[in-house]
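Take a look at the letters that make up each chain.
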Protein chains: 2
Amino acid sequence: MNLPPAPLIRPFEETDWPRLWPLLRATFAAGDTYAYAPASSESEIHRAWVEAPRATLVAAGPAGELLGTYFIKPNQPGLGSHVCNCGYVVAPAAQGRGIASAMCRHSQALAIELGYRAMQFNLVVATNERAVRLWQHLGFTVAGRLPGAYAHASLGYVDGLVMYKTLVP
Amino acid sequence: MNLPPAPLIRPFEETDWPRLWPLLRATFAAGDTYAYAPASSESEIHRAWVEAPRATLVAAGPAGELLGTYFIKPNQPGLGSHVCNCGYVVAPAAQGRGIASAMCRHSQALAIELGYRAMQFNLVVATNERAVRLWQHLGFTVAGRLPGAYAHASLGYVDGLVMYKTLVP
């Protein structure tokens, strides 16, 4: 088997933004995985993906090409801030190469390092079966189902899933 | 039966804040119902309870006394913004008079008027059994359980519940 090399996952730098923004824009414009409004502005998404989180990272290929990105942040303030929330986006050209899996494993290790005790995804689109299966494979359970909580761009109202993993028992 | 009169539920005005802030401060300082850090500053709570939400309301008694307050806001951006989130606080002196119930019913009607299709509570503290029962009585179901998601001030890590109600089928 000729596996591609594992991606380098490193902290985001502002010089990444000119490549990151088109990837995020296209992902959210599709309206099938994330809640961010499909027509969100560049500054709104910069705030959400880069400024608001505790950390933002990128996955880079051997030639420095952008393969993906993720953020990590507390899911709630204060007494809920020991549970983190992450979001992941993989570049279309890098799909199927284990980038999401590598980023999620990386984020779990980083979460523990940062002192988080659990990780929660608040609105996994139920029709995004590939993502649901991947998160389950990586140790998350479906903690809850939210009927019609996601306004899918082509399918209309579909269920959202709350997925959760305890990192520090 | 000599029931107290139903509270007047009206929009918050800034002149309410000097009475509202001590109530919110004491509620969050207890560290047993809300995630807001117990030592949150006045400006942080003003932002969270008054500025960030779509609307903030107060429940007033016959003499104008503050009985409670609630806010309503979208629970997610964009494609999740048809689901609202509310938070309710009842003044200690007004406990047991149906104020929370009145505010929750009011908020459900307001939610529909504002175009929301469902209401979600993200972190109902599982040990707050009175609240859980009340929300169930008012039509919410426990959509999910989040192990150890709340750092209770006296009990340590306790479960959080995600509660959900479809308002517009």
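Whatever comes next refers back to the structure up there.
This structure is a prediction, so every number in the text was calculated from the model and none was measured. (Residues numbered from 1 in each chain as written. Chains lettered and ligands numbered in written order. Predicted model: local features only at pLDDT ≥ 70, side-chain atom pairs only at ≥ 80, totals over all residues. Heavy atoms only, no water.)

Before we move on, could you go through the state of the cysteines and cite the residues and values that matter?
Residue and element names in this part refer to chain B. In the structure shown here, the tally under the stated rule is 0 disulfides over all chains. The closest cysteine sulfur to the non-disulfide-bonded Cys-86 is located on Cys-84, 4.6 Å from its own sulfur. Here Cys-86 falls in the buried class, since its relative accessible area comes to 7%. Distance from the sulfur of Cys-104, which forms no disulfide, to the nearest cysteine sulfur (Cys-86) is 7.2 Å. (Disulfide = S-S within 2.5 Å. Buried < 20%, exposed > 50% of the residue type's maximum accessible area, 1.4 Å probe, protein only.)

Describe the packing of helix α1 (residues 17–29) of chain B against helix α2 (residues 42–51) of chain B, listing the residues and the values that go with them.
All names here are of chain B. Where α1 contacts α2, the two axes come as close as 11 Å, and the packing angle between them is 100 degrees. For the element pair α1 / α2, the angle class is roughly perpendicular. Contacts between α1 and α2 pair Trp-17, Leu-20, Trp-21, Leu-24 and Phe-28 from the former with Glu-42, Ile-45, His-46, Trp-49 and Val-50 from the latter. Tallied by class, the residues present in the contact of α1 with α2 amount to 8 nonpolar, 1 polar and 1 charged. (Axes fitted to C-alpha atoms, helices over the stretch in contact; angles between N-to-C directions. Helix = DSSP H or I, 4+ residues; strand = E, 2+ residues; numbered from the N terminus. Parallel < 35°, antiparallel > 145°, perpendicular 65-115°, else oblique. Contact = heavy atoms within 4.5 Å. Nonpolar A, V, L, I, M, F, W, Y, C, P; charged D, E, K, R; others polar.)

I'd love a proper account of the relation of the copies chain A and chain B, names of residues and values included.
Mapping between the two chain copies consists of a rotation about an axis together with a translation along that axis. For the pair chain A and chain B, the superposition axis carries a translation of 0.0 Å, the fit reaches an RMSD of 0.0 Å, and the rotation angle comes to 180 degrees. The transformation relating the two chain copies, once decomposed into turn and shift, fits a two-fold axis. In terms of C-alpha distance to the rotation axis, chain A has A:Gly144 as its closest residue, with the C-alpha 1.9 Å off the axis. Taken together, the interface assignments show that 100% of the residues at the interface of chain A recur at the interface of chain B, consistent with an identical surface on both copies. (Least-squares fit on C-alpha atoms with pLDDT ≥ 70 in both.)

Please set out α1(B) residue by residue, giving values where relevant.
Residues and elements named next belong to chain B. With 13 residues, α1 extends 17 Å between its outermost C-alpha atoms, agreeing within 8% with the 18 Å of an ideal straight helix rising 1.5 Å per residue. Of all the positions in α1, only Trp-17, Leu-20, Trp-21, Leu-23, Leu-24, Thr-27 and Phe-28 are classed as buried. Where the residues of α1 are buried, they touch α2, β3 (66–74) and β4 (83–90). Residue Gly-31 follows α1 closely and has a positive phi angle near 65 degrees. (Expected span 1.5 Å × (residues − 1).)

Describe the pairing of strand β7 (residues 156–166) of chain A, and please don't skip the residues or the numbers.
Residue and element names in this part refer to chain A. In this sheet, β7 lies alongside strand β5 (residues 118–125) in antiparallel orientation, the contact comprising 6 bridges. Looking at the pairing, Ala-118 lines up with Thr-166 of β7. Two elements, strand β6 (residues 141–152) and β7, share 8 bridges in a ladder whose sense is antiparallel. Each bridged residue has a counterpart across the sheet, and for Arg-145 the counterpart in β7 is Leu-161. The turn joining β6 and β7, which pair antiparallel and follow one another in sequence, is formed by 3 residues. (Pairing = 2+ DSSP bridges.)

Can you tell me about the pattern of salt bridges, naming the residues and giving the values?
Residue and element names in this part refer to chain A. By the definition in use, this model includes 6 salt bridges over all chains. One salt bridge connects Asp-16 with Arg-10, and the closest N-O pair in it is separated by 2.8 Å. We classify Asp-16 as buried; its relative accessible area is 4%. Overlapping salt bridges bring together Arg-10, Asp-16 and Arg-19 as one network. (Salt bridge = Lys/Arg side-chain N within 4 Å of Asp/Glu carboxyl O.)

Would you mind going over helix α3 (residues 99–113) of chain B in detail, with residue names and values included?
Residue and element names in this part refer to chain B. With 15 residues, α3 extends 21 Å between its outermost C-alpha atoms, agreeing within 8% with the 21 Å of an ideal straight helix rising 1.5 Å per residue. Residues Ile-99, Ala-100, Ser-101, Met-103, Cys-104, Ser-107, Gln-108, Leu-110 and Ala-111 constitute the buried set of α3. Positive phi shows up at Gly-115, right after α3, with a value of about 95 degrees.

On their own, these measurements won't tell you what the molecule is for.
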